[in-house]
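An overview of the molecular structure
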Number of protein chains: 2
Amino acid sequence: MRILDFLVMKDKILLGHGSGGKMSADLIKNIFVKNFSNSVIEALTDSAILSVGTSSLAFTTDSYVVDPVFFPGGNIGKLAVCGTVNDLAVSGAEPLYLSASFIIEEGFLIKDLETIVLSMKDEACEAGVSIVTGDTKVVKKRQCDKLFITTSGIGILEPKNDHIATGSTIKAGDKIIVNGYLGDHSAAVLMARNELNVQSSVISDVAPLNGLIKNAMAGNTIRFMRDITRGGLATILAEIVENHNFGIRIYEEHVPVRQEVKGLCEIFGFDPLYMANEGKLVAVVSPDSAESVLKKMRNHKYGKHAAIIGEITKNHPGKTVMESIIGGNRIIDKLAGEQLPRIC
Amino acid sequence: MRILDFLVMKDKILLGHGSGGKMSADLIKNIFVKNFSNSVIEALTDSAILSVGTSSLAFTTDSYVVDPVFFPGGNIGKLAVCGTVNDLAVSGAEPLYLSASFIIEEGFLIKDLETIVLSMKDEACEAGVSIVTGDTKVVKKRQCDKLFITTSGIGILEPKNDHIATGSTIKAGDKIIVNGYLGDHSAAVLMARNELNVQSSVISDVAPLNGLIKNAMAGNTIRFMRDITRGGLATILAEIVENHNFGIRIYEEHVPVRQEVKGLCEIFGFDPLYMANEGKLVAVVSPDSAESVLKKMRNHKYGKHAAIIGEITKNHPGKTVMESIIGGNRIIDKLAGEQLPRIC
């Protein structure tokens, strides 16, 4: 990029500001958190943790702009419900109520809208949540791309789970677990765009994880959870250790990635650690809970390929290091720039 | 419209589906409420009324797509905060927490985003709410028009105010009050689009109404409130009487409309009864509370031009009738089609 381009571009919103990685974090910090300043938003958790009356609530929102609207394994509506359910559930909350707001491009087929709404209904049913309120805006052709959905959600949080969103109890020795193959969602959406003439049978992993999480939490000590969406596993791990006196060590050979996705990553130059998922989470658990959490995840349909991929360590504080299959060590940082716009 | 056009169009989303009028109501009923079916969404209130723990909550969401993003008297961010605060407040709830989700077109100026965020901060501050969580998505150029914001809100609702969102206690003899001039927001946005070479000094009425509402409710019997946005006063009045054994009678000479807006309506062929507002509400109040509510509204900065415009009547059940200045009677129905797309 020439210097003049850079000077012009730095005043403007770039695709990277929506990546879920480093540029997103900077925008959130310098524009949103700075101005909306309050202790809840400053916690930078996926769900805000609120006191309302005598209850503790989790409250979250996400806009979905995935392109294309239909992809192998799901559609934008399924994504919107699962994404919001998962944001609440990884905070340790029980998801209860969702809102859904639709921005629709004039000319969008009503039968496609109904298909999408029906799959929202199915996912809400599976997750045990109710969609209780909504809004519809219609804009002219070329003022939005087909359909955007914003879902917000409310869950109830038991006080003993208050720490899960922030990870405030993480300590050295804790184990790091993911509930299955990374990268399936990104790969499926990429294939659906059909920009390169590559065929694949990979389908999105989009799923509501609150059932799996409830099972895994029962009787176990969970320190932290986060769903692995934009920015990928790498960005979350880098955020966990940021400004802390512990580091993370993970082992490439234990990180579950489907052979087919590995192949696609080689073709497209992607790294599964930075790919978005919509049915995957990372959990930090106490050493004595690790085997039990793993077993419970593997017994659930959304956790069959769960794996312990590493641990919290006193070494290299503030850094996440991956020991590669061929033996070297690589520092894992947040996603820089944008890997795949409109993945969710 | 030729028959062939009609056959093609009826399968597609039209601008009118986002009007807030009759087509919106049909879409909501036939697609959203039918599929998401639960008792909360079926109430068709602006805010969903929920039981969470031992509390009653109001929960609402709205997407804002106003064009242009900046207009006399406000911007999309001010609109998003006030709109959600007002949806909660007219349900009788005390607004507490907001989420804000941004869909931004690549290339949008960061300084414009910051101006918008600053005015969201100011409105949240005035309304006494905290913006506690959010999301940012960025799409490529021409995949959205500059900036869309979706806000959701949570408020706490005292059980004694449960009936205000549904209007279940409305009865013949109740008075109908609006808190000031109708049509200012629509007129201001229309002028900002500058499509016709007409000059005007009208500014949007966008404002958070929870303070005014709190004052008006104290010691008075409020049966129902609704903020007068898309679809205008007419659509709300038609909805109030729909399927009920009472009607509404309003008096044109008492409906407050600024002289300048009347003039613009004549030029553009608009009807102030169908125009969107962002700082106006209609309240149905018991006859013995009417003068007190009126006085309290007029003592508030957002209610100086409040007026009693009519009453609930046993006559013409299911119909809203306006007695015009020149003496005739006119039936007031919901907005048909779309008057002004992207007004909010």
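The sections below set out a description of the structure shown in this document.

1. Side note on the packing of helix H7 (residues 210-217) of chain A against helix H10 (residues 290-298) of chain A
All names here are of chain A. Running from N to C, H7 and H10 point in directions that differ by 145°, and their axes come no closer than 8 Å. In terms of crossing hand, the pair formed by H7 and H10 is right-handed. Of the residues in H10, those in contact with Leu 212, Asn 215 and Ala 216 of H7 are Val 293, Lys 296 and Met 297. The class makeup of the residues in the contact of H7 with H10 is four nonpolar, one polar and one charged.

2. Structural notes on the sheet that holds strand S6 (residues 130-139) of chain B
Residue and element names in this part refer to chain B. Strand order in the open sheet formed by five strands is S1-S2-S7-S5-S6, with mixed pairing between adjacent strands. Single-partner strands in this sheet number two, and they are strand S1 (48-52) and S6. Averaged over all pairs of adjacent strands, the angle between strand axes in this sheet comes to 20°, irrespective of strand direction. Inspection of the sheet shows strand S5 (residues 94-105) paired to S6 by nine bridges, in the parallel sense. Looking at the pairing, Glu 105 lines up with Val 139 of S6.

3. So, the relation of the copies chain A and chain B
It takes a turn of 180° to lay chain A on chain B, together with a shift of 0.0 Å along the axis; the resulting RMSD is 0.0 Å. What we have between these two chains is a two-fold relation. If distances are taken from each C-alpha of chain A to the rotation axis, the shortest is found for A:Cys144, at 2.0 Å. Looking at the interface residues of chain A, 100% of them are also at the interface in chain B, so both copies use one shared face.

4. Regarding unusual backbone geometry
In this chain, A:Asp67 is followed by A:Pro68 through a cis amide linkage whose omega measures 5°. Of note, A:Pro68 is situated in the loop between strand S2 (55-64) and strand S3 (70-71). Look at B:His316: it is not a glycine, yet its phi comes out positive at around 30°. One can find B:His316 in the loop between strand S12 (307-313) and strand S13 (320-323). For B:His316, a relative accessible area of 23% puts it in the partly exposed group. Here B:Arg342, not a glycine, exhibits a phi torsion of approximately 55°, which is positive. Turning to its location among the elements, B:Arg342 is positioned in the segment after strand S14 (329-332).

5. Here we look at the sheet that holds S13(B)
Residues and elements named next belong to chain B. Ordered in space as S9-S11-S8-S12-S10-S13-S14, the seven strands form an open sheet in which the pairing is mixed. At either margin of the open sheet sits one strand with a lone partner, and together these are strand S9 (222-227) and S14. Averaged over neighbouring strand pairs, the angle between their axes works out to 25° when direction is ignored. Sheet analysis places strand S8 (residues 175-178) next to S12, joined by four bridges and oriented antiparallel. Each bridged residue has a counterpart across the sheet, and for Lys 175 the counterpart in S12 is Glu 311. Strands S9 and strand S11 (281-285) of the sheet are contacted by helix H7 (residues 210-217), whose axis makes an angle of about 170° with S9.

Criteria and thresholds
Residues numbered from 1 in each chain as written. Chains lettered and ligands numbered in written order. Predicted model: local features only at pLDDT ≥ 70, side-chain atom pairs only at ≥ 80, totals over all residues. Heavy atoms only, no water. Axes fitted to C-alpha atoms, helices over the stretch in contact; angles between N-to-C directions. Helix = DSSP H or I, 4+ residues; strand = E, 2+ residues; numbered from the N terminus. Left-handed = near helix turned anticlockwise from the far one by under 90°. Contact = heavy atoms within 4.5 Å. Nonpolar A, V, L, I, M, F, W, Y, C, P; charged D, E, K, R; others polar. Pairing = 2+ DSSP bridges. Least-squares fit on C-alpha atoms with pLDDT ≥ 70 in both. Buried < 20%, exposed > 50% of the residue type's maximum accessible area, 1.4 Å probe, protein only.

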